[in-house]
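Letter by letter, the chains look like this.
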Amino acid sequence: MNRMETSKPIGGVWVFGDYRNYFQNRVTLQLIAKGKELAGKLDTKITVILLGEQIHQFAMEYVAHGADVVMAAEHPELKEYDVETYATVLSRWVEAFKPEILLAGATSFGREFFPRLAKRLRTGLSADCVELEMDPESCLLIQTTPAFGGDLLADVVTPNHRPQMATVHPGVFRELPHNAEAVGRIVYPDVGPLPDPRVRVVRSRRQRTRNVNVEDAPVVIAGGRGLGSKRSFDMLFELAELLEGEVGATRPAILAGWAEEERLLGQTGKTVKAKLVISIGTSGALQYTTGIQGAETVIAINRDPHAPIFRIADLGLIGDATVLVPMLLEALRKRL
Ligand SMILES: Cc1cc2nc3c(=O)[nH]c(=O)nc-3n(C[C@H](O)[C@H](O)[C@H](O)COP(=O)(O)OP(=O)(O)OC[C@H]3O[C@@H](n4cnc5c(N)ncnc54)[C@H](O)[C@@H]3O)c2cc1C
């Protein structure tokens with residue numbers, strides 16, 4: 001472990017280490033993997049920024065997942081996530097060490113924290129990116145993000161200001177495997193005086209929810225408005241059980257109360273990396289398909305032969321879901 005001189009530039013590609021729910025929320029690890037690839041193209045290093053108290057174990061984890069450097073701020077005042085305090089420390093470090101690129105997961109905190117930070121640093125920010133690439137000629141970061149309500153994907157660059165900042169949708173990139181032999185530097189730069197927080201967390205309690213893990217399920221049965229009723233939608237739970245998978249849903253199905261919010265797939269929901277997604281009664285809006293495009297195989301069921309979902313499906317069944325799903329269930333019950 002090294003102490004670091006504040007004057008020594010670190011630069012390169014930085015990722016904000018969001019370690020809350022470490023074992024469920026893998027977006028930081030996914031960004032380290034992507035950031036490492038980008039850093040390689042810029043011939044620089046991937047650095048993870050870690051703020052909190054008793055965070056050394058997370059620093060070690062980030063090194064094991066590919067970080068070259070971890071810059072850690074260890075301070076009791078940083079124990080609770082607080083946008084103002086975190087923005088103060090991070091903006092100081094950005095000004096001192098001048099990273100080229102600064103990334104965070106589009107988690108609830110990242111979405112609140114990064115716009116403030118970008119404003120302070122007088123630079124741009126692309127929110128909820130679904131792809132990041134380096135332009136080989138200009139060496140600018142191409143930040144691909146849904147635009148105009150998600151109907152288009154826009155490539156955004158930040159040519160004149162630094163750092164180039166983006167939040168990235170969880171599940172878009174794959175994390176590197178844990179390597180206990182990996183070597184990295186963990187440094188503790190000066191945090192400086194912290195502002196008096198205007199909000200103090202008195203107590204926090206973990207919300208009790210049933211553990212729904214759509215992101216890691218090998219099979220996802222995704223249902224949309226086309227199922228027509230909660231009763232029809234409920235068939236998907238049996239289908240998922242028979243195929244040892246999980247149920248996902250589009251926004252209208254969630255709004256209708258057919259499934260819980262944590263099953264939402266897409267731009268504002270989860271991204272799956274399943275071997276198989278069966279997408280039933282979904283039109284195939286871009287905001288939804290963003291969440292399933294990483295699946296190995298997509299089978300779509302829709303009664304409209306022109307539904308856009310068929311453009312991304314490997315196999316399409318044209319027909320009424322309320323007829324086809326019971327047939328599928330019956331066939332599976334006999335086979336399994
Ligand atoms: C900023 C923004 C973010 C968004 N984020 C998300 C997101 O994260 N996730 C998300 O899902 N949506 C999101 N949306 C909404 C998204 O644009 C679509 O409206 C939504 O995905 C459509 O859901 P759907 O396919 O279930 O419904 P619909 O578009 O209404 O499609 C229903 C489909 O079912 C078919 N159908 C009807 N009856 C049957 C039947 N009996 N059998 C078979 N097929 C049938 C129809 O032909 C139709 O294609 C977002 C929108 C915006 C503006």
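Located above this text is the structure these notes cover.
The text that follows walks through the structure, step by step, so that each part is easy to find.

What counts, and where the lines are drawn
Residues numbered from 1 in each chain as written. Predicted model: local features only at pLDDT ≥ 70, side-chain atom pairs only at ≥ 80, totals over all residues. Heavy atoms only, no water. Phe/Tyr/Trp six-rings, centres within 6.5 Å; stacked < 30°, edge-to-face > 60°. Helix = DSSP H or I, 4+ residues; strand = E, 2+ residues; numbered from the N terminus. Buried < 20%, exposed > 50% of the residue type's maximum accessible area, 1.4 Å probe, protein only. Lys NZ or Arg CZ within 6 Å of the ring centre and 35° of its normal. Near = heavy atom within 4 Å. Polar contact = N/O pair within 3.5 Å; in protein donor to acceptor, adjacent residues only side chain to side chain. Areas by Shrake-Rupley, 256 points an atom, 1.4 Å probe, with all protein chains shown as cover. Salt bridge = Lys/Arg side-chain N within 4 Å of Asp/Glu carboxyl O.

## As for the packing of aromatic side chains
Across all of its chains, the model carries 15 aromatic pairs by this definition. Ring plane angle 25 degrees and centroid distance 4.6 Å describe the contact between Tyr19 and Phe58, whose orientation is recorded as stacked. Here Tyr19, found in the loop between strand 1 (13–16) and helix 1 (27–41), pairs with Phe58, found in helix 2 (residues 56–64); they are 39 residues apart in sequence, far enough to count as distant. When the centroid spacing of 5.7 Å and the interplanar angle of 80 degrees are considered together, the rings of Tyr86 and Phe109 count as edge-to-face. Taken together, the residues span a long stretch of sequence, with Tyr86 in helix 3 (residues 83–97) and Phe109 in helix 4 (residues 108–121) at a distance of 23 residues. Of the two residues examined, Tyr86 and Phe109, each falls in the buried class. Over the ring of Tyr81 we find Arg20; its NZ or CZ atom is 4.3 Å from the centre of that ring.

## Let's talk about the site of the ligand
Around the ligand sit 25 residues, and of these Arg225, Thr250, Leu265, Thr268 and Ser283 come closest. Within the contact set of the ligand, an oxygen atom lies 3.1 Å away from a backbone nitrogen or oxygen of Gln267. For the ligand, an oxygen atom lies 2.8 Å from a polar atom in the side chain of Asn302. For the ligand, whose free accessible area comes to 990 Å², the fraction covered by protein is 76%.

## Observations concerning the pattern of salt bridges
In total, this model carries 19 salt bridges according to the counting rule given. Between Asp216 and Lys273 there is a salt bridge whose closest N-O contact spans 3.0 Å. Of the two residues, Asp216 sits in the loop between strand 10 (185–187) and strand 11 (219–223) while Lys273 sits in the loop between helix 6 (251–255) and strand 13 (276–280), which places them 57 residues apart along the sequence. Owing to a relative accessible area of 46%, Asp216 belongs among the partly exposed residues under this scheme. Accessibility expressed as a relative area gives 34% for Lys273, which makes it partly exposed. Here the residues in one salt-bridge network are Lys34, Glu37, Lys41, Glu131 and Glu133, joined through shared partners.

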